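Observations on chain architecture
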Amino acid sequence: MKIGIDQIGFYTPQYFVDMNDLAESRGVEPAKFTIGIGQSEMAVAPLTQDPVTLAANAALTFLDDEMRESIDLVLFGTETGIDQSKSAGIYVHDLLDIQPYARTVEMKQACYSATAALQLAKGHIALNPNSKVLVLASDIARYGLSTAGEVTQGAGAVAMLISANPRILSLENDSAYITKDIMDFWRPNYSPYAYVDGKYSNDQYIAFFNEVWEQYKGKANRSLDDFAALCFHLPYTKMGLKALRTILDETSEANQDRLQQLYEHSTTYGRKIGNIYTASLYLGLVSLLENSETLQAGDRVGLFSYGSGAVGEFFTGILEEGYEEALQKDTHRNIFAQREKVSVAQYEEMFTERLPEDGSEIMLSNENDPAPAYVSGMKDHMRLYTRK
Ligand code: HMG
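Residues numbered from 1 in each chain as written. Predicted model: local features only at pLDDT ≥ 70, side-chain atom pairs only at ≥ 80, totals over all residues. Heavy atoms only, no water.

An unreviewed UniProt entry lists the protein under the name Hydroxymethylglutaryl-CoA synthase, with Candidatus Pseudogracilibacillus intestinigallinarum as the source organism. Quoted verbatim from the Sequence similarities (unreviewed entry) field of UniProt, the annotation for the protein is "Belongs to the thiolase-like superfamily. HMG-CoA synthase family." (UniProt positions renumbered as here; feature names shortened; annotations may be inferred.)

What follows is the structure, given as structure tokens:
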């Protein structure tokens, strides 16, 4: 039985800051941000969008009533948790009106957790072929104003429906994975900002990729020639390229050109959004599928997932016949078209705004927020959510 991604949609808030403006304001040569890091724009979340609403809005790009009735597992991958106890997935389950007889949990391992969710979903479908699983990956990346990591922030979510006989990508079985205890990036409970050893994290990302790639080739008895395209976790678009370049000499020059061209397509959306942690790899996949004109059914796509701390996994999927028709290309184009550029001063103001942390009450208006699901306030230490 084929199991895999039947639907995939993303959401990002309606505000963004231009990287040229940010560079100018930080006294940096703009080319460092746009070429050296490879980011053009960075999504900025208003107070009315948090990881819960971003995830709900991503799922609303494709969810229909038949799916609402058949989803019996909701897995929410995030490292921007809003509660130490209650799963963010429960709020989304409610906002989306999914039938009640479902399991719902939140999962954490930095940017990797959505991949763990995807693999668990696959196992669940293998045992329950008529079920559907909603996998959510949602994050707001914050390193702090004027830090080296600032240029690699972002906000957004990807939602995926996992099922038997998927319409988009069927997952293969021979993935390779690794766990090692390293301190390249982490966020203690008391800090709203990530701590990071930037250069070390880059080196570890590549080392993990090389290790799982070698492991995969032995396990699956395949080579780079067997791949139409590779997608990478994209903390910034240059990062995946650095990893890809370490293995390109394993194939012909024509294949190298093709892989690099398709890599560019996988970065089109992320370049305008930034790092969305758990969702970044999957945003890259949507970007690849919606922007490439050469991919076709039967092609094998490889995916490298990396979550600091750290876990790495390389896994693969095969594009299904007619996959193009199952994509949400127009909806995603509209999400980009609705976006509004903000100045660096406006971004800084939004960045420092917080919901009350002392139990006081706040009611928020959605008059400037076009998203269907939004944070409508906070009362008695509880977040309030509304769906239009
Ligand atoms: P930095 O020190 O500001 O930048 O930090 P740099 O000096 O290394 O320069 C960056 C690149 O710009 C270099 O290119 C420069 O040469 C180039 P490279 O040599 O690397 O190819 N450059 C220029 N290019 C064109 N014109 C110019 C120019 N000037 C310089 N004028 C860093 C960069 C990414 C380290 C920083 O932003 C950071 O710490 N970010 C956060 C950490 C991160 O993203 N790590 C990635 C791997 S870990 C990961 O992916 C996991 C993560 O997503 C978290 C999770 O799992 O939850 C982060």
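This brings us to the site of the ligand. Among the 30 residues in the neighbourhood of the ligand, the closest are listed as Glu79, Cys111, Ala148, Lys199 and Lys242. Burial of the ligand by the protein chains amounts to 75% of its free accessible area of 1,100 Å². Because more than half of its atoms lie within 2 Å of the grid, the ligand is assigned to the second largest pocket. Looking at the shell around the ligand, the elements with two or more residues in it are helix H2 (30-37), helix H7 (198-220), helix H8 (237-245) and strand S13 (300-307). For the shell around the ligand, a count of residues per class yields 14 nonpolar, 10 polar and six charged. (Near = heavy atom within 4 Å. Areas by Shrake-Rupley, 256 points an atom, 1.4 Å probe, with all protein chains shown as cover. 1 Å grid on protein atoms, 1.4 Å probe; cavity = no way out; pocket = protein on both sides within 12 Å on 5 of 7 lines; lining within 4 Å. Sits in = over half its atoms within 2 Å of the grid points. Helix = DSSP H or I, 4+ residues; strand = E, 2+ residues; numbered from the N terminus. Nonpolar A, V, L, I, M, F, W, Y, C, P; charged D, E, K, R; others polar.)

Sheet strands associate in pairs through backbone hydrogen bonding, adopting either a parallel or an antiparallel arrangement. Read from one edge of the open sheet, three strands run S3-S2-S15, paired in mixed fashion. Each having just a single partner strand, strand S3 (41-44) and strand S15 (340-342) make up the two edges of the open sheet. Recorded for the sheet is a direction-independent mean angle of 45° between the axes of neighbouring strands. In the packing of helix H13 (residues 344-352) onto the sheet, the strands contacted are strand S2 (15-18), S3 and S15, and the crossing angle to S15 comes to about 90°. (Pairing = 2+ DSSP bridges. Axes fitted to C-alpha atoms, helices over the stretch in contact; angles between N-to-C directions. Contact = heavy atoms within 4.5 Å.)

So, about the pairing of S2. Residues Tyr15 and Val17 point to one face of S2 and Phe16 and Asp18 to the other, with burial holding for every one of them. Alignment of S2 against S3, held across four bridges, turns out to be antiparallel. Looking at the pairing, Asp18 lines up with Glu41 of S3. Bridge analysis of S2 against S15 gives three bridges, and the strand direction is parallel. By the bridge assignment for S15, Phe16 is matched with Lys341. (Buried < 20%, exposed > 50% of the residue type's maximum accessible area, 1.4 Å probe, protein only.)

Mapping Gln256 onto the fold places it in helix H9 (residues 253-267). Residue class for Gln256 comes out buried when judged on its relative accessible area of 19%. Leave out the neighbours within four places in its chain, and Gln256 touches Leu248, Asp249 and Thr251.

This part takes up the environment of Ser131. Along the chain, Ser131 turns up in the loop between helix H6 (113-127) and strand S6 (132-141). Judged by its relative accessible area of 8%, Ser131 falls in the buried class. On a C-alpha basis, the gap between Ser131 and Asp72 in space is 6.3 Å, while along the polypeptide they are 59 residues apart. Sequence-distant contacts of Ser131, defined by excluding residues within four places in its chain, comprise Ser70, Asp72, His124, Ile125, Ile162 and Ser163. In terms of polar contacts, Ser131 uses its side chain to reach the side chain of Asp72, at 2.8 Å. (Polar contact = N/O pair within 3.5 Å; in protein donor to acceptor, adjacent residues only side chain to side chain.)

Quick look at the layout of surface pockets now. Approximately 760 Å³ is the volume attributed to the second largest pocket. For the second largest pocket, the lining is made up of 35 residues, of which Ala148, Gly149, Thr152, Gly198 and Tyr236 are closest to its centre. Looking at the lining of the second largest pocket, the elements that each hand over two or more residues are H2, H7, H8 and S13. Among the elements that make up the lining of the second largest pocket, the one with the highest residue count is H7 (five residues). Split into classes, the residues belonging to the lining of the second largest pocket amount to 17 nonpolar, 12 polar and six charged. (Points joined across faces, edges and corners; volume = space filled by probe spheres on them.)

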